[in-house]
Each structure stands twice: as structure tokens, then as C-alpha cells.
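Each chain, written out:
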Amino acid sequence: MHFPSPRRSSRSRPFLGVSSLRVPSLRRRASDAVELMDDPDCDPDKLASTYANFRFVNAVVSGWRGMYRRDIRPLLSSTRESTLLDVGCGGGDVARALARWAARDGLRLRITAVDPDARAHAYATSLPPLPGLTFRRALSSDLVAERRRFDIVVSNHVLHHLTGEQLGGLLADSERLAAHRVLHADIERSRFAYLGFGLGTWPLFRRSFIRDDGLTSIRRSFTAAELREVVPPGWQVTREHPSRLVLRRVVPAGPASAGLASAVSASVSAGSALAGSVLADTVPAGSVLAETVPASVSFPVRSDRRNGHSRPEREPERVHVHERGQANASGARVRDVIVVGGGPVGILLAGLLAVRGVDVEVIEQRGKPSLRSRAIGIHPPSLRALEQLGVAEEVLARAVRIRGGVVRSDGRTLGRLAFTETVDRMQSVISLPQFETEAVLRARFAELAPGRLRGGVTVTGVSERGDRVAVETAKTVETAKPGGTHGTVEGIGTSGTGEGGVPAGETLEARYVVAADGARSLVRDLLGIRCTARTGGETYLMSDYPDTGEHPGEAVLFFERGGVVESFPLPGGRRRWVAMTPTLQTDATSDDLAALIRARTGTQLPPTTAAASAFSVQQRLATRLVAGRVVLIGDAAHQISPIGGQGMNLGWLDALQLAPALERALRDPEAASGVLGDYDRRRRRSARMAARQADFNMAMGGPVQGLRLRARNGLVRALAAPPASAVLARAFTMRWL
């Protein structure tokens, strides 16, 4: 193993305190900067102290506990042993943490942690052993040469040590080694990370390399945009917070995964990929204190002349849902999953399953999509789900970005919230009418699974038949109704077909069924699952108007004596206005709403052709989300107040967790009960948290007078000021759900 000779970094002396912390230019990667740990003759006591302190720093800022819950735990089983490879494990703290968490949860996980640095290997093996954890002094390319395979491949703070070509080699090795999932976590280069890490570690870790090398690591790191430019198709870059990136790859189940598994060049040599990859553990939000890649290491790549970045020699094949599954007694195909409900939540889940190679079909009662605006807000965690489906950029291009919120009362500004301080579009809060979002999702699902969305079909019966679920259907007849359409059902056996060629009265079968059919879920009722009612009953009136331009890019909340008035930007120079009303005003017009808003806030709205819509808030939670092989999701599982924009987003977060859980349940039937039970517990907990937040939103917006008005306005001012404002912004953008 070649170690580069030590060099001084561009700063002339180490930082001694806060007064000496100066932020260098972070416009470009300082890929030539060298860390003190890279010196083979560095102080051994400081090196040992650095390895020992990794566990504390990573526990605070690396985010592995959350990734374990979201990305790793759903793939594990209590009866079947799973395997995980930690590449560039350094002192081994991440591998040890994963081993402890899996053991605590009663899951069988065997971990192999590799690092080429003899010093890191010596430290890792000097610690007390843990069952199922093995350390090796090796490169990822050594394991490729041995034809090893692991269920999951991870690394922590390795990427920033790599050039574009070296990164291509690491990803090539990862694709060869991982059977199901790859997670490469790293720092993101930003002023936030540099200042936060520099100030946070100033009084600490004096007898280690953590602070100096951590700041150097930040300068060497990628931004999210830079990393997206250099990774090949099939990889997804997500920005977990302003100082952490995760590079993910999910291997589709079944035959469809073959193309991705072999997508990167077979000519990667035994010295490729990590071959020198830096590989030592690091400090999130700051240092990747690890060994740098020898300059002599090369990886076979081809240049992409369009953007000047390196790409693997071969492009991944496009993934389509494969036709698989058993046939039932009548010879009809038994799908892996049938999703009942083709709204934004159901179609997103179906798409996330399709990209995993799951054989999925969607049944939708409506013959045609609704063109009503309805939900408009999309929060950063939901953009992560859309990014996994490959439609985030298209949604962002159609939407308008909400940069923050302002709260006003009696003509005065009480406070402001900034929803984001980053240029990373995936951390944006955006606004897009639901029918446009739904159109993007449907188009993507049609690409992944042509002909699998069946419209004009109503479910009339659901019953389990051993290892599958039978779904009885009938043709839907839609009749006109003010404000939309209303579906009625022709009797089972009625002649004719629904859209997509579904014979009316056909019985379909699948290994699992997901009810995404809304707050009035027929499937939930057929299963006899009750809903517990929470607070609710408040009434509102809403409509869309031309934007007057007074609050560009901002959401505005008017906390007035007569009740709250809310306003949100929409694409196309429009704006959504919502006002609390004393009663449900179903006959009110947009002119009536405009008059109410003018009386409360003094705002004169332009005329509009849009109809007004009255609604009453109902908050309910299903007593259980899993009944055998049937799972509830979205509004079928929980009905949350639309005030605050949580309903659709909460359903999308359900889908983000349910997709890998169903994939695991299909692949490993013995683990099905555990992973679906985990989905039930976690999503019911999130729904309760969202409902409490909705209760708070509605309570704050209620009509008040006198002392209560002054007390509420004082509370708003306090919440809008640091440090409470950061917590409040995180809550309102659903980053904690």
C-alpha cells in the first residue's frame, strides 16, 4: 500500500481557537489538500485518540442511526442471516454501531468491515470483539476478485477522498458487491459545515487530528450538485441536512436487476474501486480522517464529453417491471402487489415498487384524474421520495419555490421563517397543484409498468386466500356532482370493461394488497378496521386568485381576530387563499371569500374564475395499518388536517417506508411480519405527531380577542426568533417525520 508523503495544507498554521477560524474559499473542491492522518509517521498517540473519538463525533452528526432505521433494518430478518460490507471502515465505529443496533432488534446481521490501512486495522481489532463482526485489511477490489456478495454495502466519509475516476471505480465495485442496497455517506462542502464543525470542535479533541483534518475534509468534499454530475445513472444523491450527503443505490428485485448489477464495466481491474480509497472513518459535518488514494491508482472510465465528467464505461440498462409471478387456478396472473387507489400516494408507492422490480398493478375508481387543485405543498422529505422515483427534477421545474413564511396580525409583521438557506433544490419547499403532480407520477409509472394502471374499477370485496389476497372488482359509473364526480358501482357480473381492459366483476389476486383509496377507504371498511377520531370540525373556505405580487415566494399567515387567513404562491402567477370560517359555507363563492379576506386583512384580491371550495377538518387514525396481507397507506390510514400541508406529504412518507418493507416481505416471507409490523408502528407514531402539529396549527389560527390575542402574538414572536425558529421551520417542513 502506497502512502503519499506528508504535505502542508494551504493554511499556514493549525487553528488554535475561534478567533483564528477563517472560512477559506469553498467554491471548488480542494482535492489536493492533505490531512495530517495521511502521514505514516504521524503522532501515534494522536492517531489512536482520533480513532477513539470517531464514535462520539459520528454519533452526533453522521446520521447512521436514521439510515439504519430507514434503509437497513427493513432488509434484515430475525431468522435469516443478512450480510453487510463496510468499505473503508477506519476505526470501525460505524460497523460496531450497526452490529449493536441489529443485535438489539433481534436481527441476524453478519458484518465484514475492510480497510487497507494497517494502523486502522490494528486499532479496530484491538477493541473487544462483537458477535457477527469481522475486520479485514483489504480493498473492495479484493472482495470483487474473490466473487464475494453482500446484501448491503456501506461506507462512511470515503467519497470526498476520491477523484472522478476513483469514484467510478468505487461505484463499480459497489454494484458488483451489493445484492440489494448501497449507502455511501459523506460530508457536503458548505460554509455551514465548515463553521459548524470548526466552532463545535474548538474546545474539544485537542489531543487528536479530528479538528484540523475535519476542516480539511470539508474543503475536499463534494456538493450535492457536483456529486450528481459525476455519478452514473442508477445512483441517487440525497441531501440529509446542510452538512451530509448520502449516495444510494437500490437494486431492483428479480430479473430486472440484472442489467443494473452488471451495468458498470467488467474491465475494472483488481486494483480498481477503492484501491486506495481513503478509507478510514471520518467525522461527519467535518472530517473524513482517512488515508488518501494513491495518485497512481487508475480506473477504466470513458469521458462524457458533454459535461467533462467521467462515467463508467457501460451505461446501466433501463429498468422495467418484469412480468413474473404465479398463475391462479383460472390461469390469471397473481401480482406481487395490487395498489387500490391511483391518487398521488398510491401511484407514488406503485412507482417506488416498480423501480425495485416488484410486479405491481394499480386499481383506480375514477375513470379520469381529477383536475381540482387540492393539495399543493411538497416538503423536502417528499422530494426525496420523488427523487427515488426519478421525477423530482420535473416536479421542481413545474413548481414554484416557497422560500419562507411571514406571520402578520393587525397589519404588523410578527415574525418570519426561512424554510431553507441552501441552493440545493432537493431541500426546497415547493408548491404545485395536486393534479399536476399526479400527472407526472402517472406518466412515470406508465414508463415503468405500461398498462398497469386500471381506471374505472371499484373494489367490492377483499379476502385472504392463504399466501395471496383476492380482490373482487366491479365497473365504476361516474356521475356528475358539484365540484367533481361521484363514483357508483355496477353490480358484479355487469358486462363491459373498465379503462385498461378490466372486465367488470373480475377477481384479481396478489400476494399483498395496499389500500390507498383515501379517507373513505372501501378496503378499510371491508376489512372492518376502525378509525379513532381526534380533534377536528374546524371549517374553511379556499380558492385561487391571481397573485398581486406583494409577497413573492412567501407563504403568508394572517393571525387575525376573526380567524386565520393563509396565502400560498402557486405556479403561473396564481395564489391559494384559505380562510377559517365560523360554519361550513358550501354555497359561498370566490367573491364571498375575497370579501371575507378584505374585511379581516385589508387585502384586495383580483377577480378570479376559480370556484370556491368549503371543507371541514376531520382528523382520524386507523386502529391498525396492517391486516394480514393488506396494508393501509395515506388517507386510508390517517386523515390529517390539510392546514399546514401535511396530508399528501405524510402519505408519501408512508410510501417511502412501505416500498422497501414490501420488497423485503416478498423476498423473505419469514421476515414479512416483522417489517410490516415495524411499518405499522412507525407510521402510526408519525401520524400522531403530525396530528398534534395540525392541532397546534389550528389552535394558533382560531379566532381570539383581547388578552388572548396579545398572548398569542407574543408566542408567535418568540417562536419566530432564533433558536426556536430553526426548530419550527424543521417541524413545518416535516423533516422530523
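Along its length, the protein chain carries 20 helices and 33 strands. Burial analysis of the protein chain (737 residues in total) assigns 58% to the buried set. Long-range contacts, defined here as pairs at least 24 residues apart, represent 76% of the contacts in the protein chain between residues at least 6 apart.

A word on the pairing of strand β10 (residues 334–340). Within β10, seven of the seven residues are buried, leaving the element largely enclosed by the surrounding structure. Of the strand pairs in this sheet, β10 and strand β23 (residues 507–515) are connected by six bridges, and their pairing is parallel. Looking at the pairing, Val 340 lines up with Ala 515 of β23. Examined bridge by bridge, β10 and strand β11 (residues 360–364) share four bridges and lie parallel to one another. Its bridge partner lying in β11, Val 339 is registered against Val 362. In terms of handedness, the path from β10 via helix α11 (residues 344–355) over to β11 forms a crossover that is right-handed.

One finds Val 337 and Leu 386 to be the most contacted residues of the largest nonpolar core, which totals 72 residues. The dominant element in this core, judged by the number of residues it contributes, is helix α17 (residues 647–667), at 11 residues. Apart from residues lying up to four places away in sequence, Val 337 is in contact with Leu 353, Val 358, Asp 359, Val 360, Glu 361, Ala 510, Tyr 512, Val 514, Leu 662 and Leu 666.

Strand order in the open sheet made by the three strands is β12-β16-β13, with antiparallel pairing throughout. Looking at strand neighbours, the two that pair on one side only are β12 (377–378) and β13 (400–402), the edges of this open sheet. Bridge count for β13 against strand β16 (residues 429–431) is three bridges, and the pairing is antiparallel. Considered in β16, the bridge of Val 400 is made with Ser 431.

Okay, α11 next. Taking 1.5 Å of rise per residue, 12 residues should cover 16 Å, and α11 covers 17 Å from first to last C-alpha, within 8% of that figure. Within the span of α11, buried status applies to Pro 344, Val 345, Gly 346, Ile 347, Leu 348, Leu 349, Ala 350, Gly 351, Leu 352, Leu 353, Ala 354 and Val 355. Once α11 ends, the next one or two residues include Gly 357, with phi positive near 85°.

With that out of the way, let us pick up a positive patch on the surface. Together, Arg 65, Arg 69, Arg 100, Arg 685, Arg 688 and Arg 692 make up a positively charged patch on the protein surface. Of all the secondary structure elements, the ones that give two or more residues to the positive patch are α2 (64–72) and α18 (672–700). By secondary structure assignment, the location of Arg 69 is in helix α2.

The element β11 is extensively covered by neighbouring structure, given that five of its five residues are classed as buried. Of the two faces of β11, the one holding Val 360, Val 362 and Glu 364 and the one holding Glu 361 and Ile 363 are both buried throughout. When β11 meets strand β17 (residues 453–455), the two strands line up parallel, connected through three bridges. If you follow Ile 363 over to β17, its bridge partner there is Arg 454.

This next bit is on the environment of Gly 677. Mapped onto the elements, Gly 677 comes out in helix α18. Residue Gly 677 is classed as buried on the basis of its relative accessible area, which comes to 18%. Spatially, the C-alpha atom of Gly 677 lies 7.2 Å from that of Val 626, the residues being 51 residues apart in sequence.

Attention now moves to the packing of α2 against helix α3 (residues 93–104). Interaxial distance between α2 and α3 falls to 11 Å at its minimum, and their mutual angle equals 55°. The angle between α2 and α3 places the two elements in the oblique class. For the element pair α2 and α3, the recorded crossing hand is right-handed. Listed contacts from α3 to Trp 64, Arg 65, Tyr 68 and Ile 72 of α2 are Val 94, Leu 98, Trp 101, Ala 102 and Arg 104. Here the contact of α2 with α3 is composed, by residue class, of seven nonpolar, no polar and two charged.

The next point concerns the confidence of the model for the protein chain. This prediction gives the protein chain a mean pLDDT of 77; 70% of its residues lie at or above 70. No element of the protein chain has a lower mean pLDDT than strand β9 (residues 309–312), at 32, and none a higher one than strand β32 (residues 630–632), at 97. Confidence drops under pLDDT 50 across residues 254–324; counting only partners more than four residues distant or on other chains, this segment forms 250 contacts. Under a pLDDT of 50 for its full length, residues 481–486 has, in the predicted model, seven contacts with residues more than four places off or in other chains.

This part covers the side chain of Asp 151. Structurally, Asp 151 can be placed in strand β4 (residues 150–156). No salt bridge is formed by the buried Asp 151; the nearest opposite charge belongs to Arg 80, separated by 4.0 Å. A polar atom in the side chain of Asp 151 sits 2.8 Å from the backbone nitrogen of Thr 83. Once residues lying within four places of it in the same chain are set aside, the contact partners of Asp 151 are Arg 80, Glu 81, Ser 82, Thr 83, Ala 179, His 180 and Arg 181.

With that settled, the discussion passes to the packing of aromatic side chains. One pass over the structure, following the stated rule, counts three aromatic pairs. Aromatic pair Phe 558 and Trp 577: ring centres 6.0 Å apart, planes at 20°, arrangement stacked. Here the residue Phe 558 occupies a position in strand β26 (residues 554–560), and Trp 577 occupies one in strand β28 (residues 574–581), the gap between them amounting to 19 residues. Of the residues examined, Phe 558 reaches a relative accessible area of 5% and is grouped as buried.

Turning our eyes to something else, we now look at the packing of helix α12 (residues 380–389) against α17. At a closest axis distance of 9 Å, the pairing of α12 and α17 adopts a crossing angle of 50°. Between α12 and α17, the crossing angle belongs to the class labelled oblique. Note that α12 runs across α17; the crossing there is left-handed. On α17, the residues that touch Pro 381, Ser 382, Arg 384, Ala 385, Leu 386 and Gln 388 of α12 are Asn 649, Trp 652, Leu 653 and Leu 656. For the contact of α12 with α17, the per-class residue count stands at six nonpolar, three polar and one charged.

What counts, and where the lines are drawn
- Residues numbered from 1 in each chain as written.
- Predicted model: local features only at pLDDT ≥ 70, side-chain atom pairs only at ≥ 80, totals over all residues.
- Heavy atoms only, no water.
- Helix = DSSP H or I, 4+ residues; strand = E, 2+ residues; numbered from the N terminus.
- Buried < 20%, exposed > 50% of the residue type's maximum accessible area, 1.4 Å probe, protein only.
- Contact = heavy atoms within 4.5 Å.
- Pairing = 2+ DSSP bridges.
- Right-handed = clockwise from strand over helix to strand, strands pointing away.
- Core = buried A, V, L, I, M, F, W, Y, C linked by side-chain atoms within 4.5 Å.
- Expected span 1.5 Å × (residues − 1).
- Patch = residues over 30% accessible without salt bridge, like charges linked within 9 Å, V, L, I, M, F, W, Y side chains within 5 Å.
- Areas by Shrake-Rupley, 256 points an atom, 1.4 Å probe, with all protein chains shown as cover.
- Salt bridge = Lys/Arg side-chain N within 4 Å of Asp/Glu carboxyl O.
- Lys, Arg positive; Asp, Glu negative; His and termini not counted.
- Charge placed at Lys NZ, Arg CZ, Asp CG, Glu CD.
- Axes fitted to C-alpha atoms, helices over the stretch in contact; angles between N-to-C directions.
- Parallel < 35°, antiparallel > 145°, perpendicular 65-115°, else oblique.
- Left-handed = near helix turned anticlockwise from the far one by under 90°.
- Nonpolar A, V, L, I, M, F, W, Y, C, P; charged D, E, K, R; others polar.
- pLDDT = per-residue confidence, 0-100.
- Polar contact = N/O pair within 3.5 Å; in protein donor to acceptor, adjacent residues only side chain to side chain.
- Phe/Tyr/Trp six-rings, centres within 6.5 Å; stacked < 30°, edge-to-face > 60°.

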